[in-house]
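Below are the chains, spelled out letter by letter.
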Amino acid sequence: MERLKSAVPAELQRAVGEGSAADLQATTSRLLSFFDSLPLFHEVMRELTDPELALCRKDKGRAVELKGQGNACFSRREFAEALRFYSQALRHVPINSDGMDMNLVSVIYVNRASTMHKLGLFKESLRDCDRAITISPNYSKAWYRKGMVKASLKNYSSAVHDLNSALRMEVTSLGKGNIERELNSILQKHENFDEVETSNCDSKDAYLPLEGQPHKVIIESVSTPDKGRGMASTDDIPPASLIHVEDPLAAIIMKCFRETHCHFCFSEAPADVVFCPSCTIPIYCSKRCQEQAVGDISCNQDSHLEYNDHAKSLAKLSITSTSCKSPSSKLFAEHRHECGGTHWAAVLPADIVLAGRIMARDIEKRMLSGKSVAISGPNLDLVHHYDQQSPANKLESQIYAIVLLLCLQNHYRSDLLWTEDSLSQLVLLIFQIKINSVAIVRMESIDGGPELTVHRGVSSGEGANMCSLEQVRVAQAIYVSGSLFNHSCQPNVHAYFLSRTLIVRSTEFIKSGSPVEISYGPQAGEMHLPERQKSLQENYYFSCQCSSCSELNLSDLVMNSFCCPQSNCLGAISEAAYYRTSENFVHVSLGGSYVCKLSLPDVSKVGKDMEKVARTLFGNSGVSLNIDPGCCMNCRSQIDVPSAVATSQKEASKIDRLKEITLLHKALIPEALQSLKQLKKLRHPYSKALTQAEDTIAEAFAKVGDQEQAQKHCEASIQILEKLYQPKHITIAHELIKLVSILLSMGDRASAAAAFARAEAILSLYYGSHMEKILAYLGALNRAVRGECTGAC
């Protein structure tokens, strides 16, 4: 797109950049007319939409080549490499009804099944066998491999059935002899063995129904002068209540996860990944997800019914008010219009492709209703802040709107009509997505792998990475009702995702009539007030006026502060300039302008952990505040702030180097401990810099096998976090998980169980009935705490 942007004349660039939303129809029309006469533009469009130039075409020759490479790896017993080649062969082989070589496809499926059998991936292997049988029901090797996998699972009666089927279909005497030998061996094992049949359905837990909730919750859309539209409770809401459930209007995977996660449900892709029948771009974790995304005409209707039943169950449990319920979740094949020999969807940015999916949904809805199909952005009734965008953003989005509109027209061809405001509406839709789209996150457990072992409660004596739960952004989506929740830097609800479904749950008691607010990212205790304000202004174009940004928050005073040079004083020294203008209010300087008017907190309402610091800073009356840069808020002692900042950053960078070293040696840690000692002399005891330094050093000690020191520094990090956040904040639960892994490595199962119980109590507040799903990410750690390990975990 850079070529197109640089080709636009300066005068037209200026008109676009200076134009408002009211000028969009004129500027997009001028830009389209210019591009229509530009050969470069037509060259770019041909590169994006011409099937002859597409890199995502199916290629039988390439599939055969990859299959051969897989066979060579299999012969050398390089099974992981063989699996990769067979999967790539399936990606390239034509598997739609028009161009499918059934024999080739079924052979590759069986070869991949054999490889996964060797790797111990039994369920995945069974699914590939069934896929081969669906394509070629009389393929004896598919039945044979299925029987052998069943035997590995000790499902001997099923194995005998499948091998007998293979025997009937086998035509060579050599093949029949091999099958008969395996049959006899399995029949001997089958005697006196009680087996449990395992399920082999092509399904996942992505569509688990939501359990019944103990409390009926109703929220409604309201409008206030300071925040505009938002959500509010109509009744008292207890903690851990289900607030809202919604499927997205449209969603798309982020580019960095295209090869690792399912493009429909966004779960991590299994070994037996399946592909789009018509192109090589998306991957799916199951046939069901493939059918939902592609709209395969050969799909199993039962799968659709199951998905729709799931959608209905969500609708019943969606406990928002009627005015803000999700739009109809009618099945829409979101990838179909992007497919068919073009690769524009693989090239354009994710938010532009997401806009295309919303447009395509609207177009196909109109086509089904028999209405004339005019390209115009659907009315999402969401903010776009077009007039506040930079000139560069305006120009870029107008160019992308033109490109996207022509890509859609290329797919739908004569079925589409132009309107005068088609492009202007599409530009606004793009900005609505930029402002209102939500990142779908997945929990990811980062653990010590084979090094993190607990063997009968005794430490292995080896180093280990600390186990932790991380949230990874894997996809981007638009939730129409979910977009109505306002932001707070101290939110009272938590949002998470089950498959692509947004779930919102209360994390504290919410009084009737109170706002129901989520966090858009920055939170008090995690990010300093000036940084939070800057982030929200740059990304969402508003100045936050939540309780944490309108009242002087204690964590904001201490998290980036320095300590008083007087050893017996708990006063904080701030870099920021706070100006007291009246008895009860101060102004804080953010980037040189006074934008925040903060009321002073009531000391009696401060948590016990911070009460001592609060009384030091605010006194008993709550109005004795004196905040000047470089001066202690309590005793007025002074420090050289620029020098303290430079030294602090230098020492923190020395500690951060430990994260970059893969093979860490214990001799490297003393220097970091000296830096930590210096940091403690400079930074306030409850500063963010200290908790991050303690956490990094704890991980370093865990890696080199000194678990006692790792425990000490991990606990120090938790103690600071408990000051910066409320006691049941999810960040503390994540840090407790790290402590659990350290305690297990020390063989201290009792302390580990106690820490795990604390973490579990916090997580259950955030995830409610889906706690088991969250704990599943912790795998062996969870089992070790519960005493379910019979050997090394």
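These numbers come from a predicted model, not from an experiment. The residue count restarts for each chain, going from 1 along the sequence in the order it is written. Side-chain atom pairs in this predicted model are given and counted only at pLDDT of 80 or more, local residue features only at pLDDT of at least 70, and totals for whole chains, interfaces and linings cover all residues. Hydrogens and water are ignored here; the side-chain numbers use all heavy atoms of the structure.

1. Topic: the UniProt feature "repeat: TPR" (unreviewed entry) in the chain
Our working rule: UniProt positions are given in the numbering used here, feature names are shortened, and annotations may be inferred rather than shown by experiment. Starting at the N terminus, helices and strands are each numbered in turn, a helix being any DSSP run of H or I of at least four residues and a strand any DSSP run of E of at least two.
Mapped onto this numbering, the UniProt entry annotates "repeat: TPR" (unreviewed entry) at residues 140-173. Secondary structure within residues 140-173 divides into 82% helix and 0% strand; the distance between the first and last C-alpha atoms comes to 13 Å.

2. Considering the confidence of the model for the chain
We apply this condition: pLDDT expresses, on a scale from 0 to 100, how confident the predictor is about each individual residue. By definition in these notes, contact holds between two residues if any of their heavy atoms fall within 4.5 Å.
Chain-level statistics for the chain give a pLDDT mean of 81 and a share of 80% at 70 or above. Low pLDDT, under 50, characterises residues 297-330; the stretch is placed with 60 contacts to residues that sit more than four places away or in other chains.

3. Topic: the sheet that holds strand E11 (residues 486-487)
Hydrogen bonding along the main chain pairs the strands of a sheet, whether they run parallel or antiparallel. Test applied: Should DSSP find at least two bridges between two strands, the strands are regarded as paired.
Pairing within the open sheet is mixed, and its four strands lie in the order E1-E2-E14-E11. Two strands close off the open sheet at either side, each with one partner strand: strand E1 (219-224) and E11. Pairing between E1 and strand E2 (residues 228-233): six bridges, direction antiparallel. Its bridge partner lying in E2, Ser-221 is registered against Met-231.

4. Section: the packing of aromatic side chains
As a reminder, the rule being used: When two rings of Phe, Tyr or Trp (its six-membered ring) have centres within 6.5 Å they constitute a pair, described as stacked for plane angles under 30 degrees, edge-to-face for angles over 60, and tilted for the intermediate range. Ring-over charges, as used throughout, are those where CZ of Arg or NZ of Lys falls within 6 Å of the ring centre and within 35 degrees of the ring normal.
Enumeration over the complete set of coordinates arrives at eight aromatic pairs. Ring geometry for Tyr-386 against Phe-431: centres 5.4 Å apart, planes inclined by 75°, an arrangement best described as edge-to-face. Of this pair, Tyr-386 sits in the loop between helix H15 (350-369) and helix H16 (391-412) while Phe-431 sits in helix H17 (residues 422-436), and the two are 45 residues apart along the sequence. With a centroid separation of 4.8 Å and 65° between ring planes, the pair formed by Tyr-496 and Tyr-767 is classed as edge-to-face. Here Tyr-496, found in strand E12 (residues 493-498), pairs with Tyr-767, found in helix H27 (residues 749-767); they are 271 residues apart in sequence, far enough to count as distant. An aromatic cluster of at least three residues, connected via ring pairs, comprises Phe-34, Phe-35 and Phe-41. Looking at Arg-500, its charged tip hangs above the ring of Phe-264, at a distance of 4.0 Å from the centre. Just above the ring of Phe-562 sits the side chain of Arg-683; from NZ or CZ to the centre is 4.1 Å.

5. Things to note about the pattern of salt bridges
Our working definition: Here, a salt bridge means any Lys or Arg side-chain nitrogen found within 4 Å of an Asp or Glu carboxyl oxygen.
Tallying each qualifying case throughout the model produces 31 salt bridges. A salt bridge links Glu-47 to Arg-3, with the nearest nitrogen and oxygen atoms 3.4 Å apart. Here the residue Glu-47 occupies a position in helix H4 (residues 39-49), and Arg-3 occupies one in helix H1 (residues 2-7), the gap between them amounting to 44 residues. With its nearest N and O atoms 2.9 Å apart, the salt bridge here joins Asp-128 to Arg-131. On the criterion of helical spacing, the pair formed by Asp-128 and Arg-131 is a turn pair, its members being three residues apart in helix H8 (residues 122-135). Bridged by salt links that share partners, the residues Arg-112, Arg-127, Asp-128, Arg-131 and Asp-272 form one connected network.

6. Brief notes about the packing of helix H7 (residues 102-118) against H8
Where we set the bar: For every element, the axis is a line fit to its C-alpha atoms; helices are fit only across the contacting stretch, and the angle between N-to-C directions ranges from 0 to 180 degrees. Note that the term roughly parallel is reserved for angles under 35 degrees, roughly antiparallel for angles over 145, roughly perpendicular for angles of 65 to 115, and oblique for everything else. Throughout, a crossing is termed right-handed when the near helix is turned clockwise from the far one, and left-handed when it is turned anticlockwise from it by less than a right angle. Charged residues are taken to be Asp, Glu, Lys and Arg, nonpolar residues to be Ala, Val, Leu, Ile, Met, Phe, Trp, Tyr, Cys and Pro, and polar residues to be all remaining types, Gly included.
The contact between H7 and H8 brings their axes to 8 Å, and the two run at 165°. Between H7 and H8, the interaxial angle falls into the category roughly antiparallel. Taken as a pair, H7 and H8 cross one another with a handedness that is left-handed. Residues Met-102, Val-105, Ser-106, Tyr-109, Val-110, Arg-112, Ala-113, Met-116 and His-117 of H7 form the contact with H8, whose own contacting residues are Phe-122, Glu-124, Ser-125, Asp-128, Cys-129, Arg-131, Ala-132 and Ile-135. Across the contact of H7 with H8, the residue classes break down as ten nonpolar, three polar and four charged.

7. A word on the pairing of strand E14 (residues 515-518)
Note that E2 and E14 share two bridges and pair antiparallel. Of the residues in E14, the one forming a bridge with Ala-232 is Pro-515.

8. Some points on the state of the cysteines
The criterion, for reference: Put simply, a disulfide is two cysteine sulfurs that come within 2.5 Å.
For the structure on display, the rule yields zero disulfides. Cys-339 takes part in no disulfide bond, and the closest cysteine sulfur to it belongs to Cys-276, at a distance of 3.5 Å.

9. Re the packing of helix H6 (residues 79-92) against H7
Two elements in contact, H6 and H7, have axes whose closest approach is 9 Å; the angle formed by their N-to-C orientations is 155°. Comparing their axes, H7 and H6 come out roughly antiparallel. Here H6 and H7 pass one another in a crossing that is left-handed. Where H6 approaches H7, its residues Phe-79, Ala-82, Leu-83, Tyr-86, Ser-87, Ala-89 and Leu-90 are matched on the opposing element by Val-105, Ile-108, Tyr-109, Asn-111, Arg-112, Thr-115, Met-116 and Lys-118. By residue class, the composition of the contact of H6 with H7 is ten nonpolar, three polar and two charged.

10. Comments concerning the environment of Arg-84
Relative to the helices and strands, Arg-84 is located in helix H6. Separated by 28 residues in the primary sequence, Arg-84 and Arg-112 place their C-alpha atoms 8.9 Å from one another.

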